[in-house]
Amino acid sequence: MNSYLNKVLAIVGKDVTSELRSREVISSMFVFALLVIVIFNFAFELRVENKEAVAPGVLWVAIIFAGMLGLNRSFINEKDRGCMEGLLLCPVDRSAIYMGKLAGNLIFMLAMEAIILPVFAAFFNLPMFTPRLLLIVLLGTVGFVAVGTLFSAVAVHTRAQEIMLPILLLPVTVPVLVAAVKATGDLLSSTPPTTEGPWLGVLVGFDVIFFTAAFLTFEYVFQE
Amino acid sequence: MSEHQGAAVSHGVDPARIARRGSAAGQSWVARLLPSDPLGWLVLAFIVAALFSALIYAPTEATMGDVQRIFYFHVPSAWVGFLSFGIVFVASIQWLRTKRPWWDALAASAAEVGVMFTTVALVTGSIWAKPTWGTWWDWDPRLTTTLILWLVYVSYAMLRSMVENPAKRASLAAVVGILGFIDVPVVFMSIRWWRTIHPVVISGAGMDLDPSMVTTLMICLTTFTLLQLHILRLRLHLELQRDDARRLRDLILED
């Protein structure tokens, strides 16, 4: 078990080191998320009266679109630089590769969110740093990355690569988007709903189900 | 020639399958429209019975009028669509377990048939909703889940068209086929909670069905299920023939 953890950490370490040197994934995700927020400002006229109604949606669309950008690089980078064979020839279980890649993508997305949340809080003048909101962001991101890492590995084997990932990923992650937007909305609303929705439960359920399913099926993506 | 056939058999190409297709080539177009097997004739007979019972036998609904009759084709299409996606799920798991190409061909065929019937269900539902609800679409759990499901399997079909290597394509598609189907109950539950917390503008209130309406619905459900089996069988046959054609081509190119 300990050696399994070491293998996972080795793959995460490799991704983090390469990101620290190039800084291309996190920075492009951040700029893109920022752009989404700015574009939505023009599209929806985010004035003070309706900000609570649109803010959760804007936040999650920004996170998910930016996350898609990062997930796409996850395996395309390996392929473009000829590292895929090396990765697959590593004497580790395929599931360890999944775990490593998942943890790497999660770190990159959380790093992006750590920068975008304060910016978002400033733009919208909303309290973004309550423990509950951070929990929602974490759970939503885990679910999205759990499926996203698997589908990123699927998409890299296709002709279209970058185009294929959003098409595969967006329909399947609808429950994450619904639950995360609703949970965030209930929290940010100035008139909190009397009955609490089951949204945290949906997020946890989605995370558990899809992490398990992706963990079990990942090895087949690399079988010839 | 016999040498080639021998080689073909050893490469997994079934000569009988190729011969069967050849027999249909000389027929007139009228003969080709008619069913070529017992299941096809059974389906044809059931379609006639379903048309009769849905359009003539079943009474006209009191409040909705004749537009309600679309229900007899709408519900069976939705059912058959879901059934097809269930087949994709099972066939995907079986492909990953056994690696028999037949399972992959079944998954590919069932996904296409499922998308077709789900499209019919969505379109007929919209046609019914406009005069009844006053709108083409409502984001209610059933409609939304069906739409998401449709999108999942359209993306499944796109994925299949973007991978060249057959074994690779089968495995990638199987992974998506499995995760997509697991998603169905999760999407349904999340949309249901989403809608029940919001005020429901339009509710598809349960309708009390006349016994003759139930009979009609049962006939139509049977018809659509048989029709789906028939189309699926033909589609699977076509998929296997494509595989054969591809193997034969590779074989000839090798020589």
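Above this text you will find the structure in question.
Residues numbered from 1 in each chain as written. Chains lettered and ligands numbered in written order. Predicted model: local features only at pLDDT ≥ 70, side-chain atom pairs only at ≥ 80, totals over all residues.

Would you mind going over unusual backbone geometry with me for this structure?
The phi torsion of most residues other than glycine is negative, and most of the peptide bonds are trans. Despite not being glycine, Gln161(A) shows a phi value in the positive range, around 45 degrees. Secondary-structure assignment places Gln161(A) in the loop between α6 (131–155) and α7 (164–172). Residue Gln161(A) is classed as partly exposed on the basis of its C-beta count, with 17 C-beta atoms lying within 10 Å. For Lys99(B), which is not glycine, the phi dihedral falls at a positive 60 degrees. Tracing the sequence through the fold places Lys99(B) in the loop between α5 (71–98) and α6 (101–133). For Lys99(B), a count of 13 C-beta atoms within 10 Å puts it in the partly exposed group. (Helix = DSSP H or I, 4+ residues; strand = E, 2+ residues; numbered from the N terminus. Buried ≥ 20, exposed ≤ 12 C-beta atoms within 10 Å, placed from the backbone.)

Hey, could you run me through the nonpolar core in this one?
For soluble globular proteins, the rule of thumb is that nonpolar side chains tend to be buried together. Core analysis: the largest hydrophobic core is formed by 122 residues, its most contacted members being Val147(A), Val154(A) and Ala107(B). It is α6(A) that contributes the most residues to this core, 14 residues altogether. Beyond its immediate chain neighbours, meaning those up to four positions away, Val154(A) contacts Leu168(A), Val221(A), Leu172(B), Val175(B) and Val176(B). (Core = buried A, V, L, I, M, F, W, Y, C linked by C-beta atoms within 7 Å. Contact = placed C-beta atoms within 7 Å.)

What is the right way to read helix α9 (residues 199–221) of chain A from this model?
Every α-helical turn comprises 3.6 residues, leaving residues that sit three or four positions apart pointing alike. Residue and element names in this part refer to chain A. Between the first and last C-alpha of α9 there are 31 Å, a value that for 23 residues agrees with the 33 Å anticipated at 1.5 Å per step. Along its length, α9 reaches its greatest deviation from straightness, about 30 degrees, at Phe215. When α9 is considered as a whole, its buried residues turn out to be Trp199, Val202, Leu203, Phe206, Asp207, Phe210, Phe211, Ala214, Thr217, Phe218 and Val221. (Expected span 1.5 Å × (residues − 1). Bend = angle between axes of the 7 residues up to and from the residue.)

Where do I start with the interface of chain B and chain A in this structure?
Interfaces are often sized by the amount of accessible area the parts lose when they come together. Across the contact, 28 residues belong to chain B and 28 residues belong to chain A. Looking at the side of chain B that touches chain A, the element that brings in the most residues is helix α8 (residues 166–197) of chain B, giving 19 residues. Looking at side-chain class alone, the side of chain B that touches chain A contains 22 nonpolar, 4 polar and 2 charged residues. (Nonpolar A, V, L, I, M, F, W, Y, C, P; charged D, E, K, R; others polar.)

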